[in-house]
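Here's the letter readout for the chains.
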Amino acid sequence: MLFKKAKSKKVVVDQKPYHCMDTDVVMREFDVDIATGLATSEAERRLTVYGPNEMRGGGRPSALKILFRQLANLMTVILIAAVAIAFAIKDWIEAGVVIGVIVFNTAIGFAQEFKAEKTMDSLRKMTSPTSRVLRSGHQIVVPTMDLVPGDIIYLESGDVVGADCRLFEIFNLETDEALLTGEALPIAKEPEPFDDPELPLGDRINLSFSSTTVTKGRAKGIVYATGMSSEVGKIAKKLMETNKTKKTPLQKALDRMSWLLLAIAVVSVLIVFGANKFNIENEVLLYAIGLAIATIPEGLIAVVTLTMSLGVSTLAKKRALVRRLVALESLGSVTNICSDKTGTLTQSKMVLVRAWLPKEGFFRVSGLGFEPVGEVTTNKETITINQDNMSAPFRRIAQGAALCNMSEIRKDSETGDWYGIGDPTEIALQVFASKLSMGKPMLTNSENQWKLVCEYPFDSGIKRMSVVARNMRTDEHIIFLKGATERVVPCCTGRQHGESVSDITPDELQAYLDPQIQEMGRDGLRVLSIAFRHLTSAEKELDMNKTNREDVEAGMTFLGLVGIYDPPRPESFPSVMECYRAGIQVTMLTGDHPHTAAAIARQVGILQDDDSDGDGDGTTKEKSDHQALNLGPLVMAAREFDRMTDEEIDQLPELPRVIARCSPDTKVKIIEALHRRDGMVVMSGDGVNDSPSLKLADVGIAMGLTGSDVAKQASEVILTDDNFATIVRAIREGRRVFINIQRFCCVLISGNVAELVCLLLGLAFRDNLGETVFPLSPVAILVNNLLTGTPPAMALGVEKAWPTIMDEPPRSPSSGLFTWEVQGDIMFFGFGMGLLSIANFWLVMNGFGDGHMGEGCNREYSDSCDLVFRARGTVFATLTLAILLHAYNCRRLRGPMWNWNMVKRFHENKFLLAGVVAGTILCIICIYVPGLNTKVLKMKGISWEWGIVLITLLIFLILSELYKFAKRKLLKPLSVATEEQGRLQRIWTENTLASSAGGLGK
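Conventions and cut-offs
Residues numbered from 1 in each chain as written. Predicted model: local features only at pLDDT ≥ 70, side-chain atom pairs only at ≥ 80, totals over all residues. Heavy atoms only, no water. Helix = DSSP H or I, 4+ residues; strand = E, 2+ residues; numbered from the N terminus. Buried < 20%, exposed > 50% of the residue type's maximum accessible area, 1.4 Å probe, protein only. Contact = heavy atoms within 4.5 Å. Salt bridge = Lys/Arg side-chain N within 4 Å of Asp/Glu carboxyl O. pLDDT = per-residue confidence, 0-100. Pairing = 2+ DSSP bridges. Axes fitted to C-alpha atoms, helices over the stretch in contact; angles between N-to-C directions. Parallel < 35°, antiparallel > 145°, perpendicular 65-115°, else oblique. Left-handed = near helix turned anticlockwise from the far one by under 90°. Nonpolar A, V, L, I, M, F, W, Y, C, P; charged D, E, K, R; others polar. Expected span 1.5 Å × (residues − 1).

## With respect to the overall build of the protein
In terms of helices and strands, the protein carries 37 helices and 27 strands. Every one of the 1002 residues in the protein was classed for burial, and the buried ones make up 54%. Look at the contacts in the protein between residues 6 or more apart in sequence, and 70% of them connect residues 24 or more apart.

## Some remarks on the pattern of salt bridges
Applying the stated rule across the entire model yields 32 salt bridges. With its nearest N and O atoms 2.7 Å apart, the salt bridge here joins Asp-151 to Arg-135. On the criterion of sequence distance, the pair formed by Asp-151 in the loop between strand 2 (138–143) and strand 3 (152–156) and Arg-135 in strand 1 (residues 130–135) is long-range, its members being 16 residues apart. Each of the two residues, Asp-151 as well as Arg-135, counts as buried.

## Here we look at the confidence of the model for the protein
With 85% of its residues at a pLDDT of 70 or more, the protein shows a mean pLDDT of 82. Low pLDDT, under 50, characterises residues 613–629; the predicted model gives this stretch 36 contacts beyond four residues in sequence or across chains.

## Quick look at the sheet that holds strand 8 (residues 320–322)
Spatial strand order, 8-27-26-25-9-22-24-23: eight strands in an open sheet with mixed pairing. Across the chains shown, the open sheet's two edge strands, defined by having one partner strand only, are strand 8 and strand 23 (635–637). On average, each strand axis in the sheet is tilted by 20° relative to the strand beside it, whichever way the strands run.

## Overview of the packing of helix 28 (residues 724–761) against helix 30 (residues 790–797)
Where helix 28 meets helix 30, the axes come as close as 8 Å, and the angle between the chain directions of the two elements is 160°. Judged on the interaxial angle alone, helix 30 and helix 28 are roughly antiparallel. Judged by the twist between their axes, the crossing of helix 28 over helix 30 is right-handed. Together, Arg-736, Asn-740, Arg-743, Phe-744, Val-747 and Leu-748 of helix 28 and Thr-790, Ala-793, Leu-796 and Gly-797 of helix 30 make up the contact between the two elements. Its residues placed into classes, the contact of helix 28 with helix 30 shows five nonpolar, three polar and two charged.

## Comments concerning helix 11 (residues 300–317)
For the α-helix, the turn length of 3.6 residues means that residues three or four positions removed from each other point alike. An ideal rise of 1.5 Å per residue puts 26 Å on 18 residues; helix 11 measures up with 26 Å between its terminal C-alpha atoms. For helix 11, the full list of buried residues reads Leu-300, Ala-302, Val-303, Val-304, Leu-306, Thr-307, Met-308, Ser-309, Gly-311, Val-312, Leu-315 and Ala-316. One or two positions beyond helix 11, positive phi appears at Arg-319, with a value near 75°.

## Here we look at helix 25 (residues 664–676)
In a regular helix each residue adds 1.5 Å, so 13 residues correspond to 18 Å; helix 25 covers 19 Å between its end C-alpha atoms and thus fits that length. Within two residues after helix 25, Asp-678 carries a phi angle of roughly 65°, on the positive side.

## Structural notes on the packing of helix 10 (residues 282–295) against helix 28
At a minimum axis distance of 8 Å, the contact between helix 10 and helix 28 shows a crossing angle of 150°. Judged by the angle between their axes, helix 10 and helix 28 are roughly antiparallel. Residues Tyr-287, Leu-291, Ala-294 and Thr-295 of helix 10 form the contact with helix 28, whose own contacting residues are Asn-752, Glu-755, Leu-756, Leu-759 and Leu-760. Taken together, the residues that form the contact of helix 10 with helix 28 break down as six nonpolar, two polar and one charged.

## Digging into unusual backbone geometry
Located in the positive-phi region is Asp-31, a residue other than glycine, with phi close to 55°. You can see Asp-31 is positioned in the loop between helix 1 (23–30) and helix 2 (40–50). Non-glycine residue Arg-661 carries a positive phi angle of around 50°. Following the sequence through the fold, Arg-661 ends up in the loop between strand 24 (658–660) and helix 25.

## Points about the pairing of strand 20 (residues 525–534)
The element strand 20 is largely enclosed, with a buried count of eight among its 10 residues. Pairing between strand 17 (residues 477–483) and strand 20: six bridges, direction antiparallel. In the sheet register, Phe-480 faces strand 20, and the bridge partner there is Phe-532. Across eight bridges, strand 20 lies against strand 21 (residues 556–565) in antiparallel orientation. Bridging across to strand 21, Arg-526 finds its partner in Ile-564.

As structure tokens, this is what we get:
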């Protein structure tokens, strides 16, 4: 084979292009069997030959770039300037210490950012599109980047085509190729080869191209070009995303804060120069630079980067993949969750449990799961239905369930377990038909000889699907139609009533079916209708794939109803209750009937029993849809909601909590309504048509298991388990990350304010020569920054969420990171620590000492400087330990921290405890190690001064608790209204008791 001789990444083919090749030729070209696909080992081998299926030039973490960013930041530039000055004045010790600080800061920042970049890169790979392929006889899902030439790929509506491929087995496939051809309308595909090798790209309708989108139908294809060899690869420069990363609102806020602090640093330097009458000697210049360094929190950006990346990594472990960092910030402000029902609030383990036919009434279906074992009995369980006693209408409805169906059920050869492939609703229908020995494989075998002629796929806009099937033995052509009842009924002009068919209008049929639908809906069953009709002789001669769908689906005969039960997830109810306690409203948007939607909504806690007014007959035409069904104002049909104007919606006292028969346009409309009420909205979705609502929402969340590639690309977060509880966990994590950022910002910046206050006020002290006596030497300033800056901030960045985090209302998006409260905290704690530290300098010098400031104490130690050096040791100890203890203050920005109950919880954050202990030990080492203290840090060991330090720290802690107590009394409490909390707790208790008694659900 030519393929096996390929040495490069370019596919070796004959002169004929792929659109001119027959499918068999393409198969031989790539040495693949379309029945089994490539062997897994062969696919791996080809991946090494052709490389990953991706565009070259994508941004990946570069160690050199990260290192350059660390060296080019403002703090490092200032430190390098300090080194240059120290070398210029031949202060080798100062230069060595500053170089050590540069190396330490750069190493920490590099390690943090490199780890963060690696984490984000791995998550980008996890969130990349996936493709369904056939390998070793099994249909599997692989990352699109692992596609290789020769792969058999499956395409269906909503997929982004992963590679260029030659199509076969096409069912109404249409793709959007505007990306390549500029064609505004989707292109219908055909499998036949062409003769013209120069055919324009847009006319090669037997090919599908990488990065185009399937808008309709389904097909299979043979991959023939990947990566840079694809058509998209040839114009990759126009398609590749820019490497520039847009800054998030949080990063912008930090940038503004950095510029403000830079301005303060410049002013502080001028104050230092002015205090020394602009007699800028070496020591004054170094002190000014040290003060500038103390003003700027050097580790802030690195800690924010690390905290955000750890938050993203944590969410990935909790099955929520964050595609854009801005989503992590927005999650903490969410006020509304608009969630789908199927698979998100429910388990998506659908089972058909009931059927209804007009004359025969209700049937019950036993058996759970995918195994086709169970009985179909009449409602009173007196007769078991089988092939021998099955009526003609019941046989026809079973045929419709099996043939108007794209799913498969299979038995694992190794484990013996049954599993389903395809849509969960269709799997439930297939299992039902298989229980009657009428599954799709049985009907399409050589004995029964049913063959699918044409398929009109399910569309969320019309909520129905139909197929044309032909019985090869009898030559009868039948159209089977299934879907939402209100979408099937308008297609019907007759009703199968036993062996006869009676004419009926759609309105009469709908009124006839409403009581049965409501009865199944009250039990939480999803109701589908099935209809059929025979093709006319004239229609048999037509190409049904090119016939207008509305014409094909007209004049149908109604067969019956089926009820499918999808049990709620056990974790949905407590998750909804957690949302309510957190001040987050949950809205369920579903395609189900209003009664079904309301029943499930009550089971998961979105609705309570007093939120509906009971049941009705649904026949009142003068009332609105939801009033006619007597479901209360919080349950509304999409048809009625869509008819309302924006003004009418805004006048509603409360927006509906459940919208049934929801369309994509309805989702957009409810998001717009919530935005007008200043809501911060999460929207979940999975289909192609959900993309507009996912983009419009503040946080779009796509389903990882069932979601289309288009939906995933439109979203900010992807759930790998499609679970509503994961959305709530993501919100909790978003709150935790934001609060932690506020915590360590408070520690870092208030520590900088404390140093600034202490060092500026210290300029007032002068010696006998009239020179300023610095309260700390420039090197001591750097060491204090090193001990009290990044380590405790990093520890607060990984602080776990407090149990009360979901008892607080959502944070206002407009409040930003630096709220008035946070700014007040920074100023109070910063000025408090700074004033207490400089007060201790005065106490040692003047309160307990003789006030003698010595001479030349900024340059070196002498006997005359003994008191000054001891005072500096006291200031260093006070300032360092106060900032370290302040890190514990910031674990709770309002709650008490220095009582016994909280002290017992110090061990919960082991990193913070280790940082404080290590900082304290290093502080003591700096004060007492000979040579290091007097020659490098220009301070001296202390003795009785420790009493002053400890008393000062105690005063600081008392003031901190008094300040927090005043905040709790004077500021608005961070909690949901207690009345609402009590009501929800009562609902929780009642439902828990009902659940334990077997009373929750049916």
